[in-house]
Amino acid sequence: MSDTSPILPEGAKVVICIRGLRNAFGEEGEQQQVIHDKLDLDVKRGEILGVVGGSGTGKSVLMRSIIGLQTPEDGEIEVLGENMIGREEDEAKNIRRRWGILFQNGALFSTLTVAENVEVPLREYFHLSPTLMDEIAGYKIAMAGLPADAAPKFPSELSGGMVKRAGLARALALDPELLFLDEPTAGLDPIAAQNFDELILSLRDKLDLTVFLITHDLDTLYAICDRVAVLADKKVVAVGTIEQLLALDHPWIQEYFNGPRGRAAAAA
Amino acid sequence: MATRGYRKGDEHSDERIYRCVGSLTISRAATTEREIELMPDGMTIDLSGVNKMDTVGAWLVYRATRDRGARVEGASPEAEGLLEQVRQADVPVRVTPEEEGTGFKRGVSELGEYVVEAGQILFGLLNFFGATLIGFWQVFKRPQQRFRMNAVVTRFDLVGVRALGIIGLMSFLIGIVIGQQGAVQLRAFGAEIYTINLIGRITVRELGTLMTAIMVAGRSGSAFAAQLGTMKLTEEIDAMRTIGVSPTEALVIPRMMSAIVMMPLLSFYAMIMTILGGGIYCWIDLEIPPLTFVQRLQEVIPITDVWVGLIKAPVFGFVIALVGCFQGMLVEGDAEQVGLRTTNAVVQAIFLVIVIDAVFAVFFSSIGWI
């Protein structure tokens, strides 16, 4: 077994464990569009795992399968030691409490202010005093790097970077062990993207998070990811540090990291 | 075994020590908050027994040190780290936007804002009306290039053909209701035969057109607002402008034309269906044979009644499409606006239709079409 295998050796502390995942859209037959087939992946506790792949390779579908928004055709998914497939809603709720998700476009509730958005998960799961809830929302917003005056604003009044930070504050509301980020730096200017990278890195260190990060941003990959998983040919073809991946002779990986953009990011 | 919390008379025999044991996390935050509340100021918080802590737990401890002069001891390096984290993130925050003024002052200012807004909407609607007229003139001048046949025909289908089912059913039932209610009242005078007058004249003159207008406002006015609003949000309308396609020509005028053309047709169809419903009721309940019913209809309904009904129809259609498109174009910001504007479109369209109907009623009686 090479050291870029998507399956970690026995004994590793694994937070997400996927085996034999199959996702397909459409009726079975020739028309069927298979997104994933026999996909394996392990995510180590405490790491920032970057997930890359060309458009249409099913990065978001993979994330949606893990968090239960998409029911796979086949395969096993275990998150934080709990099997995720075929769960009852009540049981799934207990696991959902332990992760936070930042959607690509923030997915903030547009009728609520930023602070109220952060309070939504708190309200849903706990009976806390209103003062305490406001205070929690306050420091989460500050932790996500937003200024205090952003808290009473509505999502439509925020810039793109602030929407992402507000989404991150909501994802952090319940002190999750696991954080899913779907293209967190897409649509941000380079400075905002770099700040966001640093924020994720520092939050991981401070709050002991495991981060599952979907990205196209090569700078993000170089700057903060401990390991990178490459989606191609309907499965995870390799997982490893960028140096390890560069040693492989998979055509897509070579083109991705050795293209002009890849080299520029590596030099940075 | 009570393993956490505020305990008197333990080995320290000091009631000023709050000893936490086990997990100090969000799931126990409510209890912890209450317990710290009960402690005297200047308490000592002993964290040596804590094996799991999150930011919420840290926040509660930090808050006690900030506001109540508490001292922390026995914190592990991780706990220290978390306390430092929340200390750094402590900034006063408002949850909801600040509301200006109170009571009377706020009421007056809100009323003022409302009036100004209503004025602006009216002004905007007139503006839009003008822009539409210019658009119509452009299309009229060079129909070969500017008239979008496909768009108009598609709208004919959506606004007209697909409304036939629901408008037909509604009208048919209304015919039965008018017949039945009218007959009950008129029976008291022994004048049941006048039920036919009632059904015929009220339908042709007022109800056929009015009910159709309400239905079209609900079905198509709302759809216009939602469609244009969504296109506005996704910047499709901006894209059109930059390509050089006028949104008025491509989107507004086809919708207007479809409403203007379809309203009289739908109204006439609604009149027929209402009369059919009323006729069937008269036949079954009042035993007036269909032939007599039709003959009498011809005698009691002056042809001017038909004109009254049909002249109003395109005007109503125009108003419905105007308000729907106008509200759709007003959408800005987020998806919530689409819902709000769609509601406004329907409410304002129905309101305007009824106002205009009243104006028409006065006008037609003054020219002697009674």
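Computed from a predicted model, the values in this text were never measured in an experiment.

**Description of the packing of helix α3 (residues 114–125) of chain A against helix α4 (residues 130–143) of chain A**
Residue and element names in this part refer to chain A. Following both chains from N to C, one finds α3 and α4 inclined at 120°, their axes separated by 9 Å at the closest point. Considering only the axes of α3 and α4, their crossing is right-handed. Here α3 contributes Val114, Ala115, Val118, Glu119, Leu122 and Arg123 to the contact with α4, which in turn contributes Met133, Asp134, Ile136, Ala137, Lys140 and Ile141. Counted by class, the contact of α3 with α4 contains eight nonpolar, no polar and four charged residues.

**Concerning the packing of aromatic side chains**
In this structure the tally under the stated criterion is 12 aromatic pairs over all chains. By the ring-pair criterion, three or more aromatic residues cluster together here, those being B:Phe360, B:Phe363, B:Phe364 and B:Trp369. Here the basic side chain of A:Arg170 rests over the ring of A:Phe109, its NZ or CZ set 4.6 Å away from the ring centre. Its end group placed over the ring of B:Tyr194, B:Arg296 keeps NZ or CZ at 5.6 Å from the ring centre.

**Re the UniProt feature "domain: ABC transporter" (unreviewed entry) in chain A**
Those residues carrying the UniProt feature "domain: ABC transporter" (unreviewed entry) are residues 16–258 of chain A in this numbering. The span residues 16–258 of chain A is 38% helical and 26% strand by assignment, and the distance between its end C-alpha atoms comes to 29 Å.

**A word on the pattern of salt bridges**
Residue and element names in this part refer to chain A. Going through the model one piece at a time under the given rule, you end up with 27 salt bridges over all chains. The residue Arg19 makes a salt bridge to Asp42 at a minimum N-O spacing of 3.0 Å. Taken together, the residues span a long stretch of sequence, with Arg19 in strand β1 (residues 14–25) and Asp42 in strand β2 (residues 33–44) at a distance of 23 residues. One salt bridge connects Arg204 with Asp226, and the closest N-O pair in it is separated by 2.7 Å. With Arg204 in helix α6 (residues 190–207) and Asp226 in the loop between α7 (218–224) and β9 (227–232), the pair connects residues that are 22 residues apart, well separated along the chain. Residue Arg204 is classed as buried on the basis of its relative accessible area of 13%. Each of Arg22, Asp37 and Glu73 takes part in salt bridges that share partners, so that together they form one network.

Calculation notes
Residues numbered from 1 in each chain as written. Chains lettered and ligands numbered in written order. Predicted model: local features only at pLDDT ≥ 70, side-chain atom pairs only at ≥ 80, totals over all residues. Heavy atoms only, no water. Axes fitted to C-alpha atoms, helices over the stretch in contact; angles between N-to-C directions. Helix = DSSP H or I, 4+ residues; strand = E, 2+ residues; numbered from the N terminus. Left-handed = near helix turned anticlockwise from the far one by under 90°. Contact = heavy atoms within 4.5 Å. Nonpolar A, V, L, I, M, F, W, Y, C, P; charged D, E, K, R; others polar. Phe/Tyr/Trp six-rings, centres within 6.5 Å; stacked < 30°, edge-to-face > 60°. Lys NZ or Arg CZ within 6 Å of the ring centre and 35° of its normal. UniProt positions renumbered as here; feature names shortened; annotations may be inferred. Salt bridge = Lys/Arg side-chain N within 4 Å of Asp/Glu carboxyl O. Buried < 20%, exposed > 50% of the residue type's maximum accessible area, 1.4 Å probe, protein only.

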